[in-house]
Amino acid sequence: MDSEIKITAHIEAARPNTCKFAVSVSLYENGSAFFADREQAKESPLAAKLFGIKDVTAVRISGSNVTITKEGDEPWRPVAGKVAEVVREHLKSREPAVSVDYASNTFSDDEIRTKVQEIFDTQINPAVAAHGGMVDLLDVKDNKIYLRMGGGCQGCGMADVTLRQGIEEAIRQALPQVDEILDVTDHASGTNPYYAPSKR
Amino acid sequence: MARILLLLPTTTYRATDFIEAAQRLGVHVTVASEEKNVLESKNPEGYLKLNFEDLGSVHRSVLEFSKRYPFDAVLGMDDTTVIAAAAISHALSLKSNSLESVKSARNKRLMREAFSRENLPIPNFQSFSINENPERIASKSRYPCVLKPTLLSASQGVMRVNGPNELYSAWERLRKIIQAQKTSSEVLVEDFISGQEVALEGLLEGSQLRVLALFDKPDPLEGPFFEETIYVRPSRLDSRMQEEVIACAARATKALGLETGPVHAELRINEEGPWIIEIAARPIGGRCSRALRFGLGISLEELIIRQALGFETCSLQVDPTPSGVMMIPVPRPGILKKISGVEEAKAVPGVVDILLATHIGQQLVPLPEGSSYFGFIFCREQTPQIVEERLRVAYNKLKFEVESTDNNLPDRVLESCHETT
């Protein structure tokens, strides 16, 4: 069976520590499953094995793809070889990539939308309102969250710090399986940024 | 996973580029700013409030914080944070420049004295207090000369004067700027050095200078103020002069005792060869770093973080495609009402991006009082000449509507102007 399984690796230019492995057979047809650590990976026999590879920090299994994030400066080639080996061994075992229980414990896009909106309403917007800011949830698609910042956040020099260190963290704490969080704000059009960049 | 401490003042232009770079590398980040982030409670390990000016309190806060969240590197990326970054790094036994070397790079008098001790080619200089009688200064100065506040950056307060009468008025203007900025009263008065100016971007490793880029500045900087506009690379200087420039910059880093991390040097070139004007222990300012890419699209910020974490960087060579950036000059003093022509400017062949750093309704304050960047035009083309031409074409597409205000800027406006690079 080994020889029939083709695995192609693709490193994302925007995230060089992340590599997507396209497998020629389906791994998880029910959607997308994300595991940020070994503890979470207990719900996925495949992810648990992948966390056994040195430097692996996150695993996403989606359809016939496995996306691995690693830390450190080691080149991808040896890590990719190990990932391919683990995936092939796993497929031989006939175990599911993701447990049946996992699906019942995860959320659909609609459920994510509801939960993120609640986070925005109860945690994020009351806080950024102190700077005249606001954050709108625009959409959730395929586990990806699209948001827009307004008021004092639009064009603010610290908007990305607030987004990546604060908003993203709050979402991931509540919903670890969320994929990317994308800011579609036109920051150049902000007319009242709380912190206007001014120090060269 | 590695953790870095980024010292990012709330007024920085650089937060986005550094946060993006850290994300790409997958490292944990703690952002230290002089004000508390409104979402600190959501991510206590992600934020730290620090008063960068008070090294004692910085020291205490970071030591306490690092017991829970140890750091692998500390990075200060502008003039207000490099000294604090060096102090923190020493306290945590992390790789860093010495505090003395960073302080010398931050203070124009200390810098000139260090260069002088090593017989580097620098203009003759004298140091005065802004509170001294300008008539005395005028009588002791040679003309043309340049007035430079020792602790302000990027040409803020820098003025060329051609004789005693100009010096009197410039001195009074500078006194107001220094007062508004609450900065050191010390002022350098140094000979004006004519010639072409270049900027060198480098990375120090074990005191050895690795040149990342040498930029030509094709617009003459003759004064009375020194607003920077176009940077283009690779330099069109002949190879012999480029070698002399690089050798001069390398000597300057050694004279200051800098050993590691990014450096940004500015030099002038005339018939006598290169003159070192300044060197800073930080990367190029504003968003200008976007004119550089390394390896397969790595940013300067990522290169800097990689070096600080001890990752390999030597194989990451600068993309050889000629590139450049134009720092859009502040059109005139007043309130910005409208900017148009941005899409037309973006459509100019070779222009890869335009970033506006000014918002509608903002008070515009040109040099020497001002300090903010208006915006940036980035271009990549086949030759440096074409890059320069395209930047000018794109700039000429931009139209600004500015509502005039009183030329005598009120103190509240001066106080809102932060120092610059």
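Residues numbered from 1 in each chain as written. Chains lettered and ligands numbered in written order. Predicted model: local features only at pLDDT ≥ 70, side-chain atom pairs only at ≥ 80, totals over all residues.

## Details of the overall build of chain A
In step 1: When helices and strands are tallied, chain A shows 5 helices and 8 strands.
In step 2: In terms of overall dimensions, chain A has C-alpha extents of about 60 × 40 × 25 Å along its principal axes.
In step 3: Among the 200 residues that make up chain A, the fraction classed as buried is 39%.
In step 4: Restricting to contacts in chain A with at least 6 residues of sequence separation, those with at least 24 account for 63%. (Helix = DSSP H or I, 4+ residues; strand = E, 2+ residues; numbered from the N terminus. Buried ≥ 20, exposed ≤ 12 C-beta atoms within 10 Å, placed from the backbone. Contact = placed C-beta atoms within 7 Å.)

## So, the overall build of chain B
In step 1: A tally of helices and strands in chain B yields 12 helices and 19 strands.
In step 2: Across its three principal axes, chain B shows a C-alpha extent of roughly 60 × 50 × 50 Å.
In step 3: Looking at chain B as a whole, 51% of its 421 residues qualify as buried.
In step 4: Within chain B, counting contacts between residues at least 6 apart in sequence, those at least 24 apart form 70% of the total.

## Here's the deal with the sheet that holds strand β8 (residues 181-183) of chain A
All names here are of chain A.
In step 1: Pairing within the open sheet is mixed, and its 3 strands lie in the order β6-β7-β8. Only two strands of the sheet have a single partner each, and these edge strands are β6 (133-141) and β8. Pairwise comparison of adjacent strand axes, ignoring direction, gives a mean angle of 30 degrees for this sheet.
In step 2: Sheet topology places β6 next to strand β7 (residues 144-151); 8 bridges connect them, and they run antiparallel. (Pairing = 2+ DSSP bridges. Axes fitted to C-alpha atoms, helices over the stretch in contact; angles between N-to-C directions.)

## Thoughts on helix α9 (residues 300-308) of chain B
All names here are of chain B.
In step 1: Counting buried positions along α9 gives 9 out of 9 residues, so the element sits mostly inside the fold.
In step 2: Within α9, burial applies to L300, E301, E302, L303, I304, I305, R306, Q307 and A308.
In step 3: Tucked into the core, α9 has its buried residues touching β1 (3-7), α1 (15-25), β4 (73-76), β9 (196-205) and β12 (261-270).
In step 4: Once α9 finishes, G310 follows within two positions and takes phi at roughly 80 degrees, a positive value.

## Points about the interface of chain B and chain A
In step 1: Contacts between the two partners involve 47 residues from chain B and, on the opposite side, 36 residues from chain A.
In step 2: Ranked by residue count, the leading element in the side of chain B that touches chain A is α1 of chain B, at 6 residues.
In step 3: A per-class count over the side of chain B that touches chain A returns 20 nonpolar, 22 polar and 5 charged. (Nonpolar A, V, L, I, M, F, W, Y, C, P; charged D, E, K, R; others polar.)

## What to know about the domain arrangement of chain A
Residue and element names in this part refer to chain A.
In step 1: According to the domain assignment, chain A consists of domain 1 (2-105) and domain 2 (109-189).
In step 2: Placing the centre of domain 1 and that of domain 2 at their C-alpha centroids yields a distance of 28 Å.
In step 3: Domain 1 puts 5 residues into the contact, and the matching count from domain 2 is 5 residues.
In step 4: Grouping the amino acids of the side of domain 1 that touches domain 2 by side-chain chemistry returns 3 nonpolar, 2 polar and no charged. (Domains from an automatic or database assignment.)

## So, the nonpolar core
In step 1: If you look at the biggest cluster of nonpolar residues, it comprises 132 residues, and the most contacted ones within it are I4, L6, L75, A249, L267, I276 and I377 of chain B.
In step 2: Beyond its immediate stretch of four places on either side in the chain, I4 of chain B contacts A22, V27, V29, F71, D72, A73, L75, I305 and A308 of chain B.
In step 3: Core analysis: the second largest hydrophobic core is formed by 24 residues, L27, Y28, V56 and A97 of chain A among them. (Core = buried A, V, L, I, M, F, W, Y, C linked by C-beta atoms within 7 Å.)

## Side note on the confidence of the model for chain B
All names here are of chain B.
In step 1: On average, residues of chain B score 94 in pLDDT, and 96% of them reach the 70 mark or higher.
In step 2: Here residues 410-421 is a poorly scored stretch, pLDDT under 50, and it has 36 contacts once near neighbours within four places are set aside; other chains count.
In step 3: Interface predicted TM-score (ipTM) for the complex: 0.84; the corresponding pTM is 0.88. (pLDDT = per-residue confidence, 0-100.)

## A short note on the environment of S108 of chain A
All names here are of chain A.
In step 1: Among the structural elements, S108 can be located in the loop between α3 (100-105) and α4 (109-128).
In step 2: For S108, a count of 11 C-beta atoms within 10 Å puts it in the exposed group.
In step 3: For S108 and K141, which are 33 residues apart along the polypeptide, the C-alpha to C-alpha distance reads 9.5 Å.

## Comments concerning the environment of D78 of chain B
All names here are of chain B.
In step 1: Relative to the helices and strands, D78 is located in the loop between β4 and α3 (82-91).
In step 2: The exposure class of D78 is buried, given the 27 C-beta atoms found within 10 Å.
In step 3: Spatially, the C-alpha atoms of D78 and E201 are 14 Å apart, while their sequence positions differ by 123 residues.

## Quick look at the sheet that holds strand β17 (residues 363-364) of chain B
All names here are of chain B.
In step 1: Taken in spatial order, the 3 strands make up an open sheet running β17-β15-β19, and their pairing is antiparallel. Whereas interior strands pair on both sides, the edge strands pair on one side only; in this sheet they are β17 and β19 (399-403).
In step 2: Sheet analysis places strand β15 (residues 334-340) next to β19, joined by 5 bridges and oriented antiparallel. Of the residues in β19, the one forming a bridge with S340 is K399.

## Considering the packing of α1 of chain B against α9 of chain B
Residue and element names in this part refer to chain B.
In step 1: Packing of α1 against α9 leaves a shortest axis separation of 8 Å and a crossing angle of 60 degrees. Between α1 and α9, the angle falls in the class oblique. Every pair of crossing elements has a handedness; the one defined by α1 and α9 is right-handed. Within the contact between the two elements, α1 uses D17, F18, A21, A22, R24 and L25 and α9 uses E301, E302, I305 and R306.
In step 2: Broken down by class, the residue content of the contact of α1 with α9 amounts to 5 nonpolar, no polar and 5 charged. (Parallel < 35°, antiparallel > 145°, perpendicular 65-115°, else oblique. Left-handed = near helix turned anticlockwise from the far one by under 90°.)

## Digging into unusual backbone geometry
In step 1: Look at the link from Y143 of chain B to P144 of chain B: it is a cis peptide, with omega at -5 degrees.
In step 2: Looking along the chain, the bond that leaves L367 of chain B and enters P368 of chain B is cis, with omega of 10 degrees.
In step 3: Of note, D55 of chain A is a non-glycine position whose phi angle comes to about 80 degrees, a positive value.
In step 4: For D55 of chain A, the location among the structural elements is in the loop between α1 (45-50) and β4 (56-63).

## Some remarks on the packing of α3 of chain B against helix α4 (residues 99-106) of chain B
Residues and elements named next belong to chain B.
In step 1: At their nearest, the axes of α3 and α4 sit 9 Å apart, and the two run at 180 degrees to each other. With respect to α4, the element α3 is oriented roughly antiparallel. In this structure, α3 contributes V82, I83, A86, A87 and H90 to the contact, and α4 contributes L99, V102, K103 and R106.

## Description of helix α8 (residues 239-256) of chain B
In step 1: Between its terminal C-alpha atoms α8 of chain B stretches 26 Å, which fits the 26 Å expected from 18 residues at 1.5 Å a residue.
In step 2: Residues V245, C248, A249, A250, A252, T253, A255 and L256 of chain B constitute the buried set of α8 of chain B. (Expected span 1.5 Å × (residues − 1).)

## Observations concerning the environment of R175 of chain B
In step 1: Checked against the element boundaries, R175 of chain B lands in helix α7 (residues 164-181).
In step 2: Taking the C-alpha atoms as reference points, R175 of chain B and L214 of chain B, 39 residues apart in sequence, are found 35 Å from one another.

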